[in-house]
Amino acid sequence: MKKTSILVCVVILSGFAVAFAQKSEPVTFQDFIEGKAAFEDNCMECHSLEWPLKKIATREEWELTLTKMANTGAVLSKKQRVQVLEYLVAKSSYQVKCSVCHGLERSLEKNKEFQAWMETVRRMAAKKPEHLTDEEIQAISGFLRAKGAETKLY
Ligand code: HEC
Ligand code: HEC
C-alpha cells in the first residue's frame, strides 16, 4: 500500500517535471535585445542578414531554419538559440500583423521604451479585435524595443 502510494507520488511528480520543463521561462524584453545581438553576431558570418530579415515564417519554420543553420556551422548557445528564435518569430509577426493598415515605416520611425511600445501595440490591437494575442503584443513590443532607433529592417 505504502509502496503504491510512493509510486503514484513519483509518477505524479515526474509528470509535473515534464510539464514544467515544457513550459519554458517567460520571455522578457531583455531576451529580445539579447536575441537581436546574438542574431547580428552569429548570423552574418556566411551571408548577409537580408535573407533572415526578409523571411517571414512560423515558429516551426524558424526552428527548422535554425537547425539547418546549426548543421551548416552556425554556433549559438542554448540560451541564444531560444532568444534568436523568439526574436525572429516576433519579427515575423510584426511584419505580418503591423502592415495590415499602414506601412511598417510608421513604427520603424519611432523609438520608444518597452512600456510605451506595449501601450501603442495594445492600442493598435484594439483597432482590429482578435488580431493579436497577448503573447504577440508582448513579443512585438519587445521586438520594437530591441530594434531601437534603426529605421530599416533590411
Ligand atoms: C556557417 C555558415 C552559416 C551561418 C553561420 C548561418 N547561415 Fe544561414 N545559410 C547558410 C547557407 C550556406 C545558406 C544557403 C543554403 C540554404 O538555404 O541552406 C543559408 C541560408 C539561410 C536562409 C535562407 C534559406 C532559408 O532556410 O530560409 C536563412 C533565412 C538563413 N540562412 C538564416 C540564418 C540565421 C538566422 C543564422 C544565424 C542563426 C544563419 N543563417 C547563420 C549558411 C550559414
Ligand atoms: C486595424 C488597423 C491597424 C493595425 C492592424 C495596426 N495599426 Fe498602427 N495605426 C493605425 C491607425 C489608424 C493609426 C493612426 C491613428 C492612431 O495613432 O491611432 C496608426 C498609428 C500607428 C503609429 C503612430 C502612432 C503612435 O502611437 O506612435 C504607430 C507607431 C503604429 N500605428 C504602429 C503599429 C504597430 C506596431 C502595429 C502592429 C502591432 C500596428 N500599428 C497595427 C491602424 C492600425
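Further up the page is the structure itself.
*Asks:* Looking at this structure, how should I read the site of ligand 2?
*Replies:* Around ligand 2, a shell composed of 15 residues is seen, among which Cys98, Cys101, Met124, Lys127 and Lys128 lie nearest. Elements with a contribution of two residues or more to the shell around ligand 2: α6 (105-108) and α7 (114-127). Along the lines of polarity and charge, the residues of the shell around ligand 2 split into six nonpolar, four polar and five charged.

*Asks:* Sorry, what's going on with the site of ligand 1 here?
*Replies:* Of all residues adjacent to ligand 1, which total 17 residues, the nearest are Cys43, Cys46, Met69, Gly73 and Ala74. Secondary-structure elements contributing two or more residues to the shell around ligand 1 are α3 (50-54) and α4 (59-72). Among the elements that line the shell around ligand 1, the one with the most residues is α4, at five residues. Tallied by class, the residues present in the shell around ligand 1 amount to nine nonpolar, five polar and three charged.

*Asks:* Help me understand the environment of Glu113, please; the structure alone is not making it clear to me.
*Replies:* Relative to the helices and strands, Glu113 is located in the loop between α6 and α7. With 28 residues separating them along the chain, Glu113 and Ser141 place their C-alpha atoms 8.9 Å apart.

Rules behind the numbers
- Residues numbered from 1 in each chain as written.
- Chains lettered and ligands numbered in written order.
- Predicted model: local features only at pLDDT ≥ 70, side-chain atom pairs only at ≥ 80, totals over all residues.
- Near = placed C-beta within 6 Å.
- Helix = DSSP H or I, 4+ residues; strand = E, 2+ residues; numbered from the N terminus.
- Nonpolar A, V, L, I, M, F, W, Y, C, P; charged D, E, K, R; others polar.

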